[in-house]
Amino acid sequence: MLSYQHAYHAGNFADVHKHLTLYAVIDHLLRKSSSVTYIDTHAGRGRYPLDAEETRRLGEYRDGAEKLWKARRRLAEDPLLADWLEGVASAQNKRNPKILDHYPGSPWWLAQRLREQDALQLFELHPGEHDHLNRQRLPDRTRRVHGDGLSGLVEALPVATPRLCVLVDPSYERKAEYGDVADTLLKAMRKARHAVVLVWYPLLPAGRHEALLDALKADGLRKIWRSELKIASPRQEHGMYGSGMLVINPPWGLDRRLADAMAQLAPVLGDACHYRDDWWVPE
Ligand code: SAM
């Protein structure tokens with residue numbers, strides 16, 4: 001069963017949180033010249049026209065990317081947000097450079113900053129979503145796989161480059177996915193201990209993400225940094241009340257850069273919007 005389509009949610013507050021974190025991680029990796037393989041286990045379509053019927057139906061981008069777009073001059077005082085918003089601007093339809101008409105997804109963010117020496121692997125299981133992804137213009141060093149990103153990740157390891165960065169961004173349509181993600185990460189980290197791994201999860205009243213966090217913490221071998229962006233209180237909300245990101249083996253200084261950016265960004269998303277982060281460090 002694959003019913004989730006990211007086009008319904010493209011550009012929402014959770015995308016903003018996820019892609020800003022991804023952008024900052026890539027930025028840190030690009031400070032060294034040694035090559036990086038990027039693996040996106042749940043790629044989606046790549047770039048989302050905001051006038052698509054699915055995207056207009058829920059209009060979630062209006063409470064996410066569009067609010068930031070409107071406040072972009074003020075937000076650009078923060079260096080990370082300035083660079084990220086420039087990235088968003090470069091994903092727009094060139095005929096209307098002032099209008100937010102597209103929102104770039106994770107394959108776009110990864111491809112945009114891919115250097116000659118780097119490689120990119122994109123997994124997408126949904127046939128329709130994979131067709132969309134196939135239509136994107138992406139660098140030659142990109143491998144697009146129509147298949148399961150979790151088993152695909154483990155099979156792809158070890159990679160040929162000295163460094164590896166993985167984004168795991170499932171739709172969590174099935175309750176078992178939290179456990180599947182944890183099992184996959186434990187296997188993958190045994191094969192690639194040095195990998196920088198980003199995992200997105202939703203904050204839902206059922207709190208199922210806690211089991212994922214507990215499994216990774218119990219492994220206890222690596223530094224894990226977590227950040228969460230909450231837009232409402234769990235008691236008020238039946239649906240998703242926030243967005244969570246884990247980064248395993250985070251680059252040094254990532255937490256400070258995100259905290260500075262989020263201090264500017266959160267009030268633009270709403271009065272109730274609240275950002276926090278914390279660490280697990282092996283003893
Ligand atoms: N990472 C994308 C981005 O940031 O733009 C969004 C991805 S969306 C949240 C999740 C995607 O994973 C959907 O397109 C869905 O079809 C796909 N998917 C679901 N299960 C999958 C699996 N086992 N392997 C690969 N892709 C999967």
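Given the structure is predicted, the values throughout are model-derived calculations rather than measurements.

J.: Before we move on, can you summarise helix H10 (residues 209-219) with the specific residues and values?
T.: Among all positions in H10, only His 209, Leu 212, Leu 213 and Leu 216 are buried. For H10, the angular spread of the buried residues around the axis is 95°, confining them to a single face. Opposite the buried face of H10, at more than 90 degrees from it, the exposed residues are Ala 211 and Ala 218. On its buried face, H10 sits against helix H9 (177-191), strand E7 (196-203), strand E8 (224-230), strand E9 (242-248) and strand E10 (274-280). Taken from the residues just after H10, Gly 220 is the one with a positive phi, measuring 65°.

J.: Provide a residue-level description of the site of the ligand, including the pertinent values.
T.: Taken together, 18 residues surround the ligand, and among them His 19, His 42, Glu 124, Asp 148 and Asp 169 come closest. Asp 148 places a side-chain nitrogen or oxygen 2.8 Å from a nitrogen atom of the ligand. Taking Gly 149, its main chain carries an N or O atom lying 2.8 Å from a nitrogen atom of the ligand. Protein chains bury 96% of the 600 Å² of accessible surface belonging to the ligand in isolation. Grouping the amino acids of the shell around the ligand by side-chain chemistry returns 4 nonpolar, 10 polar and 4 charged.

J.: I'd like to hear about the pattern of salt bridges, residue by residue, with values.
T.: For the structure shown, the criterion picks out 17 salt bridges. A salt bridge links Asp 180 to Arg 174, with the nearest nitrogen and oxygen atoms 3.2 Å apart. Taking relative accessible area as the criterion, Asp 180 reaches 27% and is therefore assigned partly exposed. A single salt-bridge network, built from bridges that share partners, covers Arg 226, Glu 228, Arg 276 and Asp 278.

J.: Give me the lowdown on the side chain of Arg 163, citing residues and values where you can.
T.: Here Arg 163 shows up in strand E6 (residues 163-168). For Arg 163, which is buried and forms no salt bridge, the nearest opposite charge comes from Asp 118, at a distance of 6.0 Å. In this structure the side chain of Arg 163 is engaged in a polar contact, spanning 3.2 Å, whose partner is the backbone oxygen of Lys 32. If we ignore the near neighbours within four places in the chain, the residues touching Arg 163 are Leu 29, Lys 32, Ser 34, Ser 35, Val 36, Thr 37, Arg 115 and His 194.

J.: Can you break down the nonpolar core residue by residue, with the values?
T.: Leu 20, Tyr 38, Leu 68, Trp 84, Val 197, Val 199 and Leu 258 are the most contacted members of the largest nonpolar core, which has 90 residues in total. When residues in this core are grouped by element, the largest group, 10 residues, is from helix H1 (residues 13-29).

J.: Which residues make up the sheet that holds strand E5 (residues 142-146), and what values do they have?
T.: Taken together, 8 strands build an open sheet; the order of strands is E5-E4-E1-E6-E7-E9-E8-E10 and the sheet is mixed. Where the open sheet ends on each side, the last strands, each with one partner, are E5 and E10. Between one strand and the next, the sheet's axes are offset by a mean angle of 15°, whatever the strand orientation. In the sheet, E8 pairs with E9 via 7 bridges, with the strands oriented antiparallel. Across the sheet, the residue bridging to Glu 228 is Gly 244, located in E9. The sheet strands contacting H1 are strand E1 (36-40), E6, E7, E8, E9 and E10, and the helix crosses E9 at an angle near 20°. Of the strands in this sheet, E7, E8, E9 and E10 are in contact with H10, which crosses E7 at around 155°.

Calculation criteria
Residues numbered from 1 in each chain as written. Predicted model: local features only at pLDDT ≥ 70, side-chain atom pairs only at ≥ 80, totals over all residues. Heavy atoms only, no water. Buried < 20%, exposed > 50% of the residue type's maximum accessible area, 1.4 Å probe, protein only. Helix = DSSP H or I, 4+ residues; strand = E, 2+ residues; numbered from the N terminus. Arc of directions from axis to C-beta. Contact = heavy atoms within 4.5 Å. Near = heavy atom within 4 Å. Polar contact = N/O pair within 3.5 Å; in protein donor to acceptor, adjacent residues only side chain to side chain. Areas by Shrake-Rupley, 256 points an atom, 1.4 Å probe, with all protein chains shown as cover. Nonpolar A, V, L, I, M, F, W, Y, C, P; charged D, E, K, R; others polar. Salt bridge = Lys/Arg side-chain N within 4 Å of Asp/Glu carboxyl O. Lys, Arg positive; Asp, Glu negative; His and termini not counted. Core = buried A, V, L, I, M, F, W, Y, C linked by side-chain atoms within 4.5 Å. Pairing = 2+ DSSP bridges. Axes fitted to C-alpha atoms, helices over the stretch in contact; angles between N-to-C directions.

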